[in-house]
Amino acid sequence: MEIRTDIRTDELADMPEELRAEMEISSKSRRDFMKVTGMAAMGAVIAGCTAQDITVKPMLRKPEGVTPGVPYEYASTCQMCSANCGTWMKVRDGRPMKAEGNRDHPQNQGGLCTLGQAQLWNLYNPDRLHGPWAKEAPAGWDEADARQQWASLDAAVAGALKAGSVRLLTGTVNGPAARAVIQQFCDKTGARHVAYDACSAWPIAAAHRDTHGHARIPHYRFDNAEVVVSFDADFLGNWISPVEFARQWARHRDLRFGKKSMSRHIQFESRLSTTGACADERFRVRNAERGAVLTDIANRLGGSFGEPGKHAVPAADIERIVKELRTAGRLGLVVSGSHDVKQQRLINWINDKLGAYGSTLELEPYSQQKLGNDEALSALLKELESGAVKTLVLWGVNPVFDLPNGAKFKELLAKVPNKIAISHHADETASECDWIAAEDDANEGWNDFEPIRGLYTLAQPTVRRLWDTRSALQSLLKWAGDNDGARDYRAFLQAYWEKNILAGMAWATAVSLGVRDRREPAAAPAFKGAGDVAGVGNVAGGDGFEIVTFESYNLGDGKHAGNGWLQEMPDPLVRASWTNFAAMSPITMANKGLEEGDLVEVKAGDATCKAPVVRMPGAAEDVVVLPLGYGRTHAGRIVHGMGEESDAVDPERKSIGDNAYPLSTAGFGSVTKVGSYHRLALIQTHDSQEGRPLAKDTALEMWKQDQHSGNHHEIPPVDVTLWKRWEYKGHKWGMVVDLNLCTGCNACMMACQVENNVPIVGKDEVWRRREMHWIRIDRYFEDTRGDKGKGIQDGKQTTLENPEVVFQPMMCQHCENAPCETVCPVIATSHSDEGLNIQTYNRCIGTRYCANNCPYKVRRFNWFMYKHRDLTMNLVLNPDLTIRSQGVMEKCSMCAQRIYDGKRASALHKTKPKDGQILTACQQTCPTQAIVFGDQNDKDSVVAKLGRDPRNYAVIAEINTRPAVTYLTKVRNRPAKPHEKAELEKPQAHGHDGHDH
Amino acid sequence: MAHHYSELRMPLVHGGKTMHDITNDVCGSIEGKPSMLWWIGWMVSGLVALMGVLTIGFQIYKGIGTWGLNKTVGWGFDITNFVFWIGIGHAGTLISAVLFLFRQKWRTSINRSAEAMTLFAVMCAGLFPLIHMGRPWIGFLWAAPYPNLRGPLWVNIRSPLLWDVFAISTYFSISLVFWYIGLIPDLATVRDRAKHWARKFFYGTLSMGWRGSVRHWNHYETSYMIFAGLATPLVFSVHSIVSMDFATSVLPGWHTTIFPPYFVAGAIFSGFAMVLTLLLIARETMNLKQYITEDHLENMGKVIILTGSMVGLAYGTEMFMAWYSGSMYEQYAFINRATGPFAWSYWIMVSCNVISPQTLWFRKLRRSPIFLFIMSIFVNIGMWFERFVIIVTSLHRDYLPSSWAHYYPTHVEIMELIGSFGIFFFLFFCFIRLLPGIAFGEVKGVMKMGQKHKHEEKPGNDQTPAAEVSHA
């Protein structure tokens, strides 16, 4: 965006009141009102881009090109994890309301994950620090204004930095200008910079240092891979750059538009991950046996790495997979999330053997998404222990919480004379420091990133600072003595970019695009040999359970524990929200006499973690799976109140769940039942489809012979009606969801929640099964033997060892013959002439009859008045939608507001919206583009084409609801099973779902 | 004098009462001081009713979330209670109207209280659809088709809930008028016996100038007959329409054409059980054994065994149809009823409604007040569970297993259920204190002495109802 510093405005935080006040004052003239609000709005937008201490005053004329109430999108960069995807921040009247993936960004191409979608909670979170914080406030601190407080903090920090022996501990910092700032800070203060990631990928970099001479994480290219073999690498979940990987992976899984082949995806893993759930074949391998399997494969590929230990995978399967890898050659890819450097070296050897380097994974340009260095961290811990560090500056990290020996770190930290934190919150670590330089939210300041070498991205402020915070880079520059840079970081950034990065591109262009792609082909380092892999094939022994920890899908590494939206998101596989869990295979549970909901203590040495047991069919036996990120004690009121609808905070409730980090390196430990867990908030309690044709699947082999495979209707719908069917003359909106591409990542749920002002309800309410999500992702387990999950009962043990998983996004199906519409006594739900099922909140009296009669159970009732406890959170509300009151039914509207926007925009040009112009929130964010929305009446639209796809079907079509949302059968790239073949031999009519295709 | 008549036909009133005795017996209970038992009953039921009303207020203020319902189970205790009370409300009209049309003279001593029970039950029933709405403060108005200025904003004539609104309000108004017309001659008697001016005014107003002339009696009999005729189809239509709340849906377990007759039979079944419960209490506590005789009890027992068997047949038919339909959803819904997490409620229902009434094939048991009382309680419980089973077990596991959920009622729901009984009994206690609990005008008409009098053609005797009035 173009920056106009001449525009002034009032405080943004006052905007809503301002608008209201103006409305009253100038009600005499709508024109006056529009003028004033226009100025205020524009000013607020622009003010976000200006430095902190510029005074702002209302404008007298409406700035050109800015209309109040019309949203603008600003390119920025997502900072929820270090993948640093490109975003477009939708800003309206000076406040960001929605994060969307930047469609022009080469990395995520419009997709965004759950975390990225939820970033606005972090921005408006009233529990953020509102200004600088001092552990022992100096005299007069409380009376001082923010500027004075900052001054005294800066003075104190300057003194501390003079003490020498300064260490700067951060997370991944990959922005070139940001790194220049750190360099400047280090040069000035003599500090040493150490970066670490709580969920680290360092072993990959370390292995490449040994095998290729550079400590680099390769840039993976799943889009080039025909055969992917993954060892515990959750690349569709949250491994390194999940959105990018998911989109790449989907390219070869997409069977729409006449494609006939798909890639092979084989997963070896100890727990059931979303990636494993999407794999064609999946093997349960305990972490301890992973090295043995790897060695087995490497040996069969021509290596000699010693005799592999005993492992659970049958030799025939290994041989088959090796053959597939050999055939794939350079189109094969082996990845691993292993923390064992030797195993990673072996992975490198295999990839090199396949010729995959330069094809399915690249060392040039390489990934800079996880720059943490575990070895540097260990060195720092030793220094801390020896007392060599006089001043420790921590930025954006929480080692007291997320190091395996966090308690130890806390002790060491206490011994450091000067400790300064740069943080959003007084978290577990920052609250132990002397000072906290309150950090801006990611949406409040300028920043830059380089997630992939040569791919530069910018983050720009999309809102004026809500409180008296300061960007970390400004703080560091200030402490490095660069007052100009500290005052106006944008100028610093612009100067740096113009000098080093833009290479001829105008600054304004770079800001508006958000990305400068200067990736160039370069000679990649060559493979030098596997190095030391002695004993990699040994199977580690241990007593009791193998403890497997993983980065939680919702909370990141724990940073986002204060985010209510994320806390309420269910885990994609075990479907639990508002809690950590000890997941294990149902067979293990049966053997150990445990039941779902038992509270167990997982113990290894001194480290313990209490968590309720949940079932995870598909986990290896005798493995207990713990998510990391829960157990934050200093993450704001969300973790104390469990998101409940009252201000009452339970003082007994110190955190949500227990911290599993202390167990993350334990390996083996014990599991003891210590009680039963109160109200386990599961969003789904029944795992089986009960043989019902809801989420249909087939095997690729079958599908190639019969495109209707897996999609034969046993009972075709009978369409009997007394009336003439309504003729949709204009649009007829519809949606097609490809089950083959859905990875169950929950991004659509979060996008919908943010877009549609969907409230969170808290743990007890989720336990009561009252979550409000308009779209949910149903997860069904199917027995690999083909019997569709028979024998799984609610809460009971199951015999499922290694189930096949299918994810099915389920939202309002917008039925043409909607059961909900006929039963409402007051016509609060009705059908639009464009095929949408419309809910009229004002008219609804809340009989819940519609919800009862909905066969898809997608209607959501406002059981209470779900309002934000702090009015600041109201800033996130989308003004295009009504806030639903207590006692009213709500549900997916297919983003009606976006449809109206699209139609309005086209109406200006007297045209109809083009196909693909209107995107629903779920569709827009889907990393794999599994969701397609459009006009079924337009015969050339993607939706209409997919409606004619033989894989297309409507869920429970036989009751003749005629849904506007249809699904495409999931196709698994594995050999057909006997029962599937039997289906093929049965002659059956291709009963379609009753659509007029 | 009874020996002048057929010895085969048992007298309907025992104890050799004269007409004056009857007047004294019935009016005495509302003229003298109430008994201690009445005070206790009135106060306890009043407190329970108050608790219910306060709970309802709390629930409306806080939201439906105070109940245990969820996204899958949208109706629970609320609609269960509604259908239960509507069912209770069926016996009164059936006894007054249908039995009247069929000339079942034994009805006279129980019809008044049965009708009152109907009205109070329908009031309790009507309460639940009102408070089950998320926004009752507008819902009660918007569910009615009234002319408004909001454009063509109208009710949805396709919605069974709207049919309920019409069916129940019609049933309530007809029942009220029918009951009131029947009350008028008795009220006039009470008026004529009144000493205090306030009583005179109160009962005088209510009796609408009844003088007991032949013309009055003629009009009375005609209108009573007309209203009986009007009320009779309602007995069958109301519960048929209530059943359509379920039958017209797409839900397995609800979507069943058998529902209208099945619900009507169930309603009569539960209604008679409730009448039996109340009468057995009244009979003991208010010394009405001569009016509510064992013959009455036996007749009621026969109705219960008939309707109970019909209900049992309906359960069986449902099961058969689920299997015969070949629909996996339908089949699962019924297997789940009998074996799922709510199987306990299904088996309570079957044992109370199908098995326990079969004991009434024995005449001895049909004539045993204590046994009948226990049985009637069983049937009441069973019929409440029938509605619970239909509503909750069908909802909690329907088409998509991903949404299957359990339902845990909260104390608010339980208190409102108990509160509705409080309201019901409180109104009933008020009724027996304020209004003649037995239609003595009609009872006198079925007494043998009255008939003898007519045959012996001795007019002017003070034993005719009209003369009774003038005499007093």
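The rules behind each value
- Residues numbered from 1 in each chain as written.
- Chains lettered and ligands numbered in written order.
- Predicted model: local features only at pLDDT ≥ 70, side-chain atom pairs only at ≥ 80, totals over all residues.
- Helix = DSSP H or I, 4+ residues; strand = E, 2+ residues; numbered from the N terminus.
- Buried ≥ 20, exposed ≤ 12 C-beta atoms within 10 Å, placed from the backbone.
- Contact = placed C-beta atoms within 7 Å.
- Rg over C-alpha atoms; globule rule 2.2 N^0.38 Å.
- Core = buried A, V, L, I, M, F, W, Y, C linked by C-beta atoms within 7 Å.
- Pairing = 2+ DSSP bridges.
- Axes fitted to C-alpha atoms, helices over the stretch in contact; angles between N-to-C directions.
- Expected span 1.5 Å × (residues − 1).
- Bend = angle between axes of the 7 residues up to and from the residue.
- Nonpolar A, V, L, I, M, F, W, Y, C, P; charged D, E, K, R; others polar.
- Domains from an automatic or database assignment.
- Parallel < 35°, antiparallel > 145°, perpendicular 65-115°, else oblique.
- Left-handed = near helix turned anticlockwise from the far one by under 90°.

## Digging into the overall build of chain A
For chain A, the count of helices and strands is 31 helices and 36 strands. With 997 residues in all, chain A has 61% of them scored as buried. Considering only contacts within chain A whose residues lie at least 6 apart along the sequence, 74% involve residues at least 24 apart.

## Thoughts on the overall build of chain B
In terms of regular secondary structure, chain B is built from 18 helices and zero strands. Computed over its C-alpha atoms, the radius of gyration of chain B comes to 24 Å, within 12% of the 23 Å expected for a compact globule of 472 residues. Its C-alpha atoms give chain B principal-axis dimensions of about 80 × 55 × 40 Å. Per-residue burial for chain B yields a buried fraction of 51% across its 472 residues.

## A word on the nonpolar core
One finds A:A582 and B:V275 to be the most contacted residues of the largest nonpolar core, which totals 409 residues. Per-element tally for this core: the top contributor is helix α9 (residues 259-285) of chain B, with 16 residues. Those residues in contact with B:V275, other than ones at most four positions away along the chain, are B:A91, B:I95, B:I110, B:A114, B:M117 and B:M300. Listed in part, the eight residues of the second largest apolar core include A:L255, A:L700, A:W703 and A:V971.

## Topic: the sheet that holds strand β2 (residues 86-92) of chain A
All names here are of chain A. Spatially, β1-β2-β3 is the arrangement adopted by the three strands of the open sheet, whose pairing is antiparallel. The sheet is open, and its two borders are formed by β1 (72-77) and β3 (95-101), each paired with just one other strand. In this sheet, neighbouring strand axes are inclined to one another by 30 degrees on average, regardless of whether the strands run parallel or antiparallel. The pairing of β1 with β2 spans six bridges and is classified as antiparallel. Following the sheet pairing, Y74 is matched in β2 by M89.

## Thoughts on helix α8 (residues 214-247) of chain B
All names here are of chain B. Between its first and last C-alpha, α8 extends 49 Å over 34 residues, near the 50 Å set by a 1.5 Å rise per residue. The largest bend in α8 comes to about 30 degrees, at L234. Buried residues along α8 sit in contact with α3 (77-101), α6 (160-193), α9 and α14 (369-396).

## Focus on the interface of chain B and chain A
Contacts between chain B and chain A engage 40 residues on the former and 43 residues on the latter. When contributions to the side of chain B that touches chain A are tallied by element, the ones reaching two or more residues are α5 (136-142), α6 and α11 (328-339) of chain B. Of the residues in the side of chain B that touches chain A, the class split is 21 nonpolar, 14 polar and five charged.

## With respect to unusual backbone geometry
Backbone phi values are negative for most residues with the exception of glycine, while trans is the configuration of most peptide bonds. Residues and elements named next belong to chain A. Cis geometry is found at the peptide bond from E364 to P365, where omega equals -10 degrees. Secondary-structure assignment places P365 in strand β12 (residues 361-367). Here the phi dihedral of N84 falls at roughly 55 degrees; this positive angle occurs in a residue that is not glycine. Structurally, the position occupied by N84 is in the loop between β1 and β2. For N84, a count of 29 C-beta atoms within 10 Å translates into the label buried. With a phi close to 50 degrees, Q109 is a non-glycine residue in the positive phi region. Relative to the elements of secondary structure, Q109 occurs in the loop between β3 and α3 (114-117). Residue class for Q109 comes out partly exposed when judged on the 18 C-beta atoms lying within 10 Å of it.

## With respect to the domain arrangement of chain A
All names here are of chain A. Domains assigned within chain A are domain 1 (15-124), domain 2 (142-199 + 372-501), domain 3 (214-367) and domain 4 (545-676). Contact with domain 1, which involves seven residues of that partner, is made by eight residues of domain 4. When contributions to the side of domain 1 that touches domain 4 are tallied by element, the ones reaching two or more residues are α3 and α4 (119-124). In terms of residue class, the side of domain 1 that touches domain 4 is made up of five nonpolar, two polar and no charged.

## Some thoughts on the pairing of β3(A)
Side-chain direction in a regular strand flips from residue to residue, so the side chains alternate between the two faces of the sheet. With seven of its seven residues buried, β3(A) lies for the most part within the structure. Hairpin geometry of β2(A) and β3(A) is characterised by an intervening segment of two residues between the two adjacent antiparallel strands and by a positive phi of about 50 degrees at A:D93.

## Things to note about the environment of A:D197
Residue and element names in this part refer to chain A. Mapped onto the elements of the fold, D197 is located in the loop between β6 (192-195) and α7 (202-212). With 408 residues separating them in the primary sequence, D197 and G605 have C-alpha atoms 24 Å apart. Once residues lying within four places of it in the same chain are set aside, the contact partners of D197 are S82, G171, T172, K370 and G372.

## Notes on the packing of helix α4 (residues 108-131) of chain B against α9(B)
All names here are of chain B. Between α4 and α9, whose axes approach to 10 Å, the crossing angle comes to 120 degrees. Considering the angle they form, α4 stands oblique to α9. The crossing of α4 and α9 is right-handed. Only M274, V275, L278, L279 and A282 of α9 make contact with α4, whose side of the interface consists of I110, S113, A114 and M117. Taken together, the residues of the contact of α4 with α9 break down into eight nonpolar, one polar and no charged.

## Section: the packing of helix α1 (residues 19-31) of chain B against α6(B)
Residues and elements named next belong to chain B. Axis separation between α1 and α6 bottoms out at 11 Å; the angle between their running directions is 70 degrees. In terms of orientation, α1 lies roughly perpendicular with respect to α6. Taken as a pair, α1 and α6 cross one another with a handedness that is right-handed. Where α1 abuts α6, its residues T23, C27, I30 and E31 lie against T189, V190 and R193. Here the contact of α1 with α6 is composed, by residue class, of three nonpolar, two polar and two charged.

## Focus: the sheet that holds strand β15 (residues 435-438) of chain A
Residue and element names in this part refer to chain A. Strand order across the open sheet formed by six strands is β4-β15-β14-β13-β5-β6, with mixed pairing between neighbours. Among the strands making up the open sheet, the edge pair consists of β4 (133-134) and β6. Pairing analysis gives five bridges linking strand β13 (residues 391-395) to strand β14 (residues 418-423), with the strands arranged parallel. By the bridge assignment for β14, V393 is matched with I420.

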